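# Structural features, examined
Listed here are the chains, written in short residue letters.
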Amino acid sequence: MAGSMERSPFFRVLIYTLFIVLVSFLVYSSSVLGHIASSNAIFVATFLVIGLIVIFDVQHQHKVKNSRAILLFGSMAVQLSLIHAVSFVVEAMKLDPSYSLLLVPFLIAPLTNTVLLGRLSGMYTSYVVTLLGATLVPVDFRLQYMVLSLIAGLTVVMLTKQVRRRSDILRAGFYAGIGVLLLSVMFELVLIPGDSVLFREFGLKTLAVIGVSMFVTMVVGGILPIIESLFGITTNISWLEMSDLNHRLLRRMQLEAPGTFHHSLIVASLAETAAEEVGANATQCRVCAYFHDIGKLKKPTYFIENQGDVNPHDALTPSMSALIIIAHVKDGVDLAVKHKLNPMIVDVIREHHGDSLVYYFYHKAREARKMAESKAGQGLENMEDLPDVNEENFRYPGPRPRTPESGIISLADSVESASRSLKKPTPAKISSLVDDIINKRIAEGQLDDCGLTLRELQLVRGSFSKTLRNMLHSRIDYPKEEDRKNDAERRAAGRPSSLQLRVEDRPESVAKMSERQLVKADDGDA
């Protein structure tokens, strides 16, 4: 949807108005069928719908995207229309009146909105279709409908909290169907068979309840990719499908830029763990981190993780080197668009460096400028020939991270790169490094637009530090064959082995020291 339409208050009011008109029409049609008293039916339904819409709009602080509103109210409109259609068909075909409840697709709107928009939207949907749907069913079954609808809706909302596979949707539909069947037995909509006739009826009604629930979940699972594409939403199911490391770009990275590929895997691990701590989308973080540096595929040897003994930057000026480094963002965006990657991945590629400074080459350029000015002062060079060092030429184009996931990946990228410079890493050094990087990003304003709070950033610090400690842990220096022979002689003489002596001599040994002791020991050395 175009940006102007996405936030247009007029368009949102139009969506709400159409929903009110549809519900009023359905209620009027039900009154004609004799399900409700016709005199006040439309009046009550209209004010009920308006109240529910106001609650929705206030809850979202009047800033809800119109595409989300279309999806939410559109799915509810579909379910309410089907409820009315079921009642009409049952009455027209003169079926058992209980079928007006047993054939109702209770799960369409709650399931769709939970998977695509989240649990809160799913719960809101369950309440709305329960209240409004009660005006569309026969009066004798109104209470039973409200119980069945609410329980079925809340069941599917709770069971689809973390949908990672399409089978999770089917499982939720099956359990919700079982719940509706048990409640139907309690309300005597489905009678326990006592003879062959009742047994046949019991089988048909059971099949109707379970069949409708499973059919609805299969339909929703099947059309999810279409809905995601239409409304620009990506579910965890799609993120998991995109996490396949056999993607063409990732395969290229493994072969052409193995250092960058390994770096991306570590960034993905850091970002995913941190996202889980703060409640961000961990799967999205992992997938976006895989692709965030694909721009380096254009000139992989110009990035230190892919270099061998020769550094091509030695033959370039600092400004040219900075230009190549900065260009990997644009190159990555071009590759992502060419390979039709998810728009959120493109945003992370564009944002993961924000508008930060390529400090190494900026500092190198300033030093070169100072040396040239010194020579010019001695009359060896002409001041007019000296190139200017403009800080803007050494900055990434931005924008800064604009989502929590993008901000976390940006921090994880910086932390992972800096951690490679640590010599003899200890918990204190790792924590200090993480704190310095995050504090610097905060001071520069790089995280101002991503929505991460200071409390969440504190959780991110702890997560990064813990993950890096596990990755960069030290190992025991195992003895060689000659040492083993000497150790046997030492033990025979009652003296400590060489391995024991080495462990006792190591101040950073983790054999008998707690993490707090390690931090104190490191601080003491400093």
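The structure reproduced in this document is the subject of the present report. Note that the structure is predicted; figures quoted are calculated from it, not measured. (Residues numbered from 1 in each chain as written. Predicted model: local features only at pLDDT ≥ 70, side-chain atom pairs only at ≥ 80, totals over all residues. Heavy atoms only, no water.)

### Structural notes on the packing of helix 8 (residues 142–159) against helix 9 (residues 166–186)
Where helix 8 contacts helix 9, the axes come no closer than 9 Å and their chain directions differ by 155 degrees. Judged by the angle between their axes, helix 8 and helix 9 are roughly antiparallel. Crossing of helix 8 over helix 9 shows right-handed handedness. Residue-level inspection shows Val147, Leu148, Ile151, Ala152, Thr155, Val156 and Leu159 of helix 8 in contact with helix 9, the latter providing Arg171, Ala172, Tyr175, Ala176, Val180, Leu183 and Ser184. Along the lines of polarity and charge, the residues of the contact of helix 8 with helix 9 split into 11 nonpolar, two polar and one charged. (Axes fitted to C-alpha atoms, helices over the stretch in contact; angles between N-to-C directions. Helix = DSSP H or I, 4+ residues; strand = E, 2+ residues; numbered from the N terminus. Parallel < 35°, antiparallel > 145°, perpendicular 65-115°, else oblique. Left-handed = near helix turned anticlockwise from the far one by under 90°. Contact = heavy atoms within 4.5 Å. Nonpolar A, V, L, I, M, F, W, Y, C, P; charged D, E, K, R; others polar.)

### Focus on the nonpolar core
Core analysis: the biggest nonpolar cluster contains 66 residues, and Phe19, Phe73 and Met76 have the highest contact counts within it. Examining the composition of this core, we find that 10 residues originate from one element, helix 4 (residues 66–92), more than from any other. Every residue in contact with Met76, bar those within four places of it in the chain, is listed here: Phe19, Ala109, Tyr124, Thr125, Val128 and Val129. Ala271, Ala275, Ala418 and Leu468 belong to the second largest nonpolar core, which has 50 residues in total. (Core = buried A, V, L, I, M, F, W, Y, C linked by side-chain atoms within 4.5 Å. Buried < 20%, exposed > 50% of the residue type's maximum accessible area, 1.4 Å probe, protein only.)

### Quick look at unusual backbone geometry
Cis geometry is adopted by the peptide bond preceding Pro399, which originates at Gly398 and carries an omega value of 5 degrees. Relative to the assigned elements, Pro399 resides in the loop between helix 17 (359–377) and helix 18 (404–419). Positive phi, close to 55 degrees, is recorded for Lys94, a residue that is not glycine. Tracing the chain through its elements places Lys94 in the loop between helix 4 and helix 5 (99–102). Taking relative accessible area as the criterion, Lys94 reaches 74% and is therefore assigned exposed. Despite not being glycine, Glu188 has its phi angle at roughly 60 degrees, a positive value. Looking at where Glu188 falls in the secondary structure, it is placed in the loop between helix 9 and helix 10 (196–231).

### Considering the packing of aromatic side chains
One pass over the structure, following the stated rule, counts eight aromatic pairs. Measuring from centroid to centroid gives 5.4 Å for Tyr16 and Phe73, while their planes differ by 70 degrees, and the two rings are edge-to-face. Of this pair, Tyr16 sits in helix 2 (residues 9–33) while Phe73 is found in helix 4, placing the two residues 57 residues apart along the sequence. Taken as a pair, Tyr16 and Phe73 share a single burial class, namely buried. Considering the side-chain rings of Tyr360 and Phe361, the 5.1 Å spacing of their centres and the 85 degrees angle between planes classify their relative orientation as edge-to-face. Members of the aromatic cluster, connected to one another through ring pairs, are Tyr16, Phe19, Phe56, Phe73 and Tyr124. Over the ring of Tyr99 we find Lys205, and its NZ or CZ is 5.8 Å from the ring centre. The side chain of Lys299 reaches across the aromatic face of Tyr302, ending 5.9 Å from its centre. (Phe/Tyr/Trp six-rings, centres within 6.5 Å; stacked < 30°, edge-to-face > 60°. Lys NZ or Arg CZ within 6 Å of the ring centre and 35° of its normal.)

### Comments concerning a nonpolar patch on the surface
Taken together, the side chains of Leu170, Phe215, Met218, Val219, Ile223, Ile226 and Leu230 present a nonpolar region at the surface, about 660 Å² in accessible area. The dominant element in the nonpolar patch, judged by the number of residues it contributes, is helix 10, at six residues. Turning to its location among the elements, Leu230 is positioned in helix 10. Looking at Leu230, the relative accessible area reads 62%, which means it is exposed. (Patch = residues over 30% accessible without salt bridge, like charges linked within 9 Å, V, L, I, M, F, W, Y side chains within 5 Å. Areas by Shrake-Rupley, 256 points an atom, 1.4 Å probe, with all protein chains shown as cover. Salt bridge = Lys/Arg side-chain N within 4 Å of Asp/Glu carboxyl O.)

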